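# An overview of the molecular structure
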Amino acid sequence: MRIYLGSDHAGFELKNHFAARLADLGHEVTDVGPAVYDAEDDYPPFCVHAARHVVADEGSLGLVFGGSGNGEQIAANKVPGVRAALVWNVEIAELSRRHNNALLAGIGARMHPVEEVELMVDAFLTTEFEGGRHQRRLDQLADYEHSGTPPALPRG
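We now turn to the structure provided with this report. (Residues numbered from 1 in each chain as written. Predicted model: local features only at pLDDT ≥ 70, side-chain atom pairs only at ≥ 80, totals over all residues. Heavy atoms only, no water.)

## What about the pattern of salt bridges?
Worth spelling out the cut-off: Each reported salt bridge corresponds to a side-chain nitrogen of Lys or Arg within 4 Å of a carboxyl oxygen of Asp or Glu. A run of DSSP states H or I qualifies as a helix once it reaches four residues; a run of E qualifies as a strand once it reaches two. Both are numbered from the N-terminal end. Remark: exposure states derive from per-residue accessible area (1.4 Å probe, protein chains only) relative to the maximum for the residue type, with buried under 20%, exposed over 50%, and partly exposed in between.
Taken as a whole, this structure holds five salt bridges when the rule is applied. Aspartate 31 is the partner of lysine 15 in a salt bridge, and the nearest nitrogen-oxygen pair spans 2.6 Å. Residue lysine 15 is located in helix α1 (residues 12–24), and its partner aspartate 31 is located in strand β2 (residues 28–31); the two are separated by 16 residues in the primary sequence. By relative accessible area, lysine 15 is classed as buried at 0%. Close ionic contact of glutamate 118 with arginine 21 constitutes a salt bridge, the shortest N to O distance being 3.5 Å. On the criterion of sequence distance, the pair formed by glutamate 118 in helix α5 (residues 114–126) and arginine 21 in helix α1 is long-range, its members being 97 residues apart. Of the two residues, glutamate 118 and arginine 21, neither departs from the other in class, the shared state being buried. One network of salt bridges, with partners in common, ties together Arg21, Glu118 and Asp122.

The structure is reproduced here in structure tokens:
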């Protein structure tokens with residue numbers, strides 16, 4: 001699988017850990033940065049670039065790491081066509097893929113031990129999208145993203 005990684009300074013070490021771990025597991029990993037630790041860096045450029053790569057590379061997934069993962073997934077979600085989820089446990093990692101077909105996971109490096117993040121990432125990368133009613137919902141969001149017209153409210 002092709003996986004794109006991005007982070008800020010708070011997620012830098014965890015990103016590097018996963019760049020090596022995922023490559024060792026046979027994945028094709030692209031680390032969009034940062035390449036060196038800088039305590040003053042900002043996450044938007046790295047997360048936006050990771051997300052843009054994922055959208056352009058059908059079948060790929062992405063991981064963006066920061067202190068909490070919140071800003072990172074928000075930044076990734078600014079890229080048209082992206083569905084990035086804030087992942088904080090294995091169940092959420094699975095549901096983000098199974099029900100939302102998330103393309104990127106935002107993960108907080110300050111929130112979890114490495115071993116726990118490994119379980120979350122493994123779940124995110126191996127869980128398949130269910131489709132069905134979930135696809136209908138994603139289609140509504142995609143239509144809104146492209147047209148700017150919100151889905152109609154149900155009558156009732």
